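What follows is each chain in one-letter form.
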Amino acid sequence: MFEDTKAFSSFSVDDAAAAKDFYEGVLGLSVSEGAMPGILSLRLPGGAEVMAYEKPDHTPASYTVVHFPVPDLPATVADLAGRGVTFEHYRDTAVETDDDGIFRGGGPLIAWFTDPAGNVLAVLEEERDD
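Below you will find a few notes about this structure. (Residues numbered from 1 in each chain as written. Predicted model: local features only at pLDDT ≥ 70, side-chain atom pairs only at ≥ 80, totals over all residues. Heavy atoms only, no water.)

**A look at the sheet that holds strand 7 (residues 110-114)**
Neighbouring strands of a sheet are bound in pairs by backbone hydrogen bonds; such pairs are parallel or else antiparallel.
Here is step 1: Here we have 4 strands laid out as an open sheet, ordered 5-8-7-6, and mixed in their pairing. Every other strand in the sheet has two partners, leaving strand 5 (64-70) and strand 6 (102-103) as the edge strands with one partner each.
Here is step 2: Looking at chain direction, strand 5 and strand 8 (residues 120-125) are connected through 6 bridges and run parallel. Each bridged residue has a counterpart across the sheet, and for T64 the counterpart in strand 8 is V120. (Pairing = 2+ DSSP bridges. Helix = DSSP H or I, 4+ residues; strand = E, 2+ residues; numbered from the N terminus.)

Right under this line is the structure:
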């Protein structure tokens, strides 16, 4: 039934203009505005698209809405921090992060941050085929 569909994910934001500025200007993604006001299409590396839509009673997602695999997580965290991104710091939890906001407790290195609407995003180090 769904073999030939182009499925996509979506999440809400409280301000589409601020989201567009962040995803395009800070993260460097290609962002287009939909036919209806307040709807954005975020083109992710690899060709996938995610829809972000403005919702007046928006509540930030309590989970990670997008993960960005990168080859060098510490370098990416430093670059994003230089662009004004603030990383989450989790203390006394199973995903405790270091001073840079990086989880180094097993599995891939990962760091979480939020968009202007408070939705959680993550960068994680890609597994290498050495």
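**Structural notes on the sheet that holds strand 2 (residues 30-33)**
Here is step 1: Strands sit in the order 1-4-3-2 across an open sheet of 4 strands; the sheet is mixed. For this open sheet the edge positions go to strand 1 (9-13) and strand 2, each flanked by a neighbour on one side alone. Across this sheet, the average inter-strand angle for adjacent strands is 25°, counted without regard to direction.
Here is step 2: Pairing of strand 3 (residues 39-43) with strand 4 (residues 49-54) involves 5 bridges; the strand directions are antiparallel. (Axes fitted to C-alpha atoms, helices over the stretch in contact; angles between N-to-C directions.)

**Some remarks on the packing of aromatic side chains**
Here is step 1: Taken as a whole and assessed by the stated rule, the structure comprises 5 aromatic pairs.
Here is step 2: Where F11 meets Y23, the ring centres are 6.2 Å apart and the plane angle is 50°; that geometry is what we call tilted. Separated by 12 residues along the polypeptide, F11 in strand 1 and Y23 in helix 1 (residues 16-26) bring together distant segments of the chain. Residue F11 shares its accessibility class with Y23, and that shared class is buried.
Here is step 3: Geometrically, the ring pair formed by F22 and Y23 is edge-to-face, given 5.3 Å between the ring centres and 85° between the ring planes.
Here is step 4: Among the aromatic side chains, those forming a connected cluster through ring pairs are F11, F22, Y23, F87 and F113. (Phe/Tyr/Trp six-rings, centres within 6.5 Å; stacked < 30°, edge-to-face > 60°. Buried < 20%, exposed > 50% of the residue type's maximum accessible area, 1.4 Å probe, protein only.)

**A few points about helix 1**
Here is step 1: Here helix 1 has its buried residues at A16, A19, K20, F22, Y23 and V26.
Here is step 2: In this structure, the buried residues of helix 1 make contact with strand 1, strand 2, strand 3, strand 4, strand 7 and strand 8.
Here is step 3: Sitting at the head of helix 1, D15 places a side-chain oxygen 3.0 Å from the backbone nitrogen of A17. (Contact = heavy atoms within 4.5 Å. Polar contact = N/O pair within 3.5 Å; in protein donor to acceptor, adjacent residues only side chain to side chain.)

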